[in-house]
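Okay, here's what each chain looks like letter by letter:
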Amino acid sequence: MKNTEILVIRPSSDIVMDGLAESFSVTRLFEQSDPKRWLAENGGRIRGMVSSGSFATDRALLERLPNLEIVSHFGVGYDSVDVEAAKAQGVIVTHTPTVLDDEVADTTIALILMTLRNLCAADRYVRAGEWAEKGPFPLGKYTMKGSVLGIIGLGRIGKTIATRAEVFGMQIAYTGRRKQKGQPYDYYRGVKELAAASDVLVNCAPGGEGTYQLVNGEVLAALGQDGVFVNVGRGTTVDETALINALESGGIAAAGLDVFVDEPHVPQALRSLDNVVLLPHIGSATVPTRNAMAQLVVDNLVNWFSNGAALTPVPDGVA
Ligand code: 8YV
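Reading the values: the criteria
- Residues numbered from 1 in each chain as written.
- Predicted model: local features only at pLDDT ≥ 70, side-chain atom pairs only at ≥ 80, totals over all residues.
- Heavy atoms only, no water.
- Buried < 20%, exposed > 50% of the residue type's maximum accessible area, 1.4 Å probe, protein only.
- Helix = DSSP H or I, 4+ residues; strand = E, 2+ residues; numbered from the N terminus.
- Arc of directions from axis to C-beta.
- Domains from an automatic or database assignment.
- Buried area = accessible area lost by both parts, 1.4 Å probe.
- Salt bridge = Lys/Arg side-chain N within 4 Å of Asp/Glu carboxyl O.
- Polar contact = N/O pair within 3.5 Å; in protein donor to acceptor, adjacent residues only side chain to side chain.
- Nonpolar A, V, L, I, M, F, W, Y, C, P; charged D, E, K, R; others polar.

Description of helix 2 (residues 35-42)
Logical step 1: Buried within helix 2 are the following residues: Trp 38, Leu 39 and Asn 42. Angular distribution of buried residues about the axis of helix 2 spans 95°; they occupy a single face of the element. Exposed residues lying more than 90 degrees from the buried face of helix 2 are Lys 36, Arg 37, Ala 40 and Glu 41.

Next comes the structure, spelled out in structure tokens:
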């Protein structure tokens, strides 16, 4: 395996770099003075690569690697990888599910609490000295217990969120491609129907064409003026302009967002609103969880090249 060449395009963690160096011959494309030229001259030697959401693993890149066998993606969401192009080239794509479920679910619960209870505005109130000047912070209008949590995409992360939310006394409903057998939660066929039944609507759906602007103006109108929207999936899943309009006009009560359309650029309109909590895509961002994801990136490559079986192929990406 030591002669097998693996391409790393952007700097990655020590776990990835050291783990790969133990088993493979690694090329750090980011250290090449002319990466394009390097690829044109040496792309045929590469049999595996590491990808992440920070760059597009598109058809053009894949075609420069004619002997590629596997793309090992860092992250559970792999919308930056052209899986169809990979499949057409006989390349398997893997990702890092499961190991980040708890972390992302914790972040989601935090966003629900911060928005429903207006906690960030309360923090700003104390810092600005307003508590002493103006008196007590206004009472919150919403509470976790008894509120309906509508989950878009009841996958591993969605289920982990649901389990936590139940402990807070929330009622759970969901939508997805199909009703899931054995789930005790109410199923809604469409996002709009789910939004109409929800107090808090959480998007866990992945990015990509199939979910593009799934949460649009109509869905937000159905969520209504007392509704809260939380997004931990992908920014592309929501019509950000419609979301800003709904927040500015009181069409919905609040939003908690970890993901955006054009990261790391967050529209000024969102940054100026008081009824929004904004996080810089930190759903899975702790050292233990990112380390576990990095290890899985390495393990997928090691398993593929030692016994031909990747550990966690993407559901639609087995060539
Ligand atoms: C990733 C994420 O860590 O896993 C995902 O899909 O959104 C994050 O948790 C991030 O995309 C790093 O590339």
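Let's pick the thread back up.
Let's talk about the domain arrangement of the protein
Logical step 1: In terms of domain boundaries, the protein breaks down into domain 1 (5-97 + 288-307) and domain 2 (101-278).
Logical step 2: The C-alpha centroid of domain 2 is placed 33 Å from the C-alpha centroid of domain 1.
Logical step 3: Summing the contributions of domain 1 and of domain 2, the shared interface buries around 460 Å²; its carbon and sulfur component is 51%.
Logical step 4: Looking only at domain 1, the three residues that lose the most surface to domain 2 are Asp 79, Pro 97 and Thr 289, adding up to 72% of its buried area.
Logical step 5: One can count one salt bridge joining domain 1 with domain 2.
Logical step 6: Its salt-bridge partner being Asp 79, residue Arg 234 comes within 3.0 Å of it at the nearest N-O pair.
Logical step 7: Here domain 1 and domain 2 share two residue pairs in polar contact (both at pLDDT 80 or more) between them.
Logical step 8: Taken together, the residues of the side of domain 1 that touches domain 2 sort by class into two nonpolar, two polar and one charged.

Overview of the pattern of salt bridges
Logical step 1: Summed over all chains, the structure comprises 13 salt bridges.
Logical step 2: A salt bridge links Asp 226 to Lys 141; the nearest nitrogen and oxygen atoms lie 3.1 Å apart. Here Asp 226 is found in the loop between helix 10 (217-223) and strand 10 (228-231), whereas its partner Lys 141 is found in the loop between helix 7 (130-134) and strand 6 (148-152), with 85 residues between them in sequence.
Logical step 3: Since its relative accessible area comes to 37%, Asp 226 is described here as partly exposed.
Logical step 4: Connected through salt bridges with shared partners, the residues Asp 102, Asp 106 and Arg 164 form a single ionic network.

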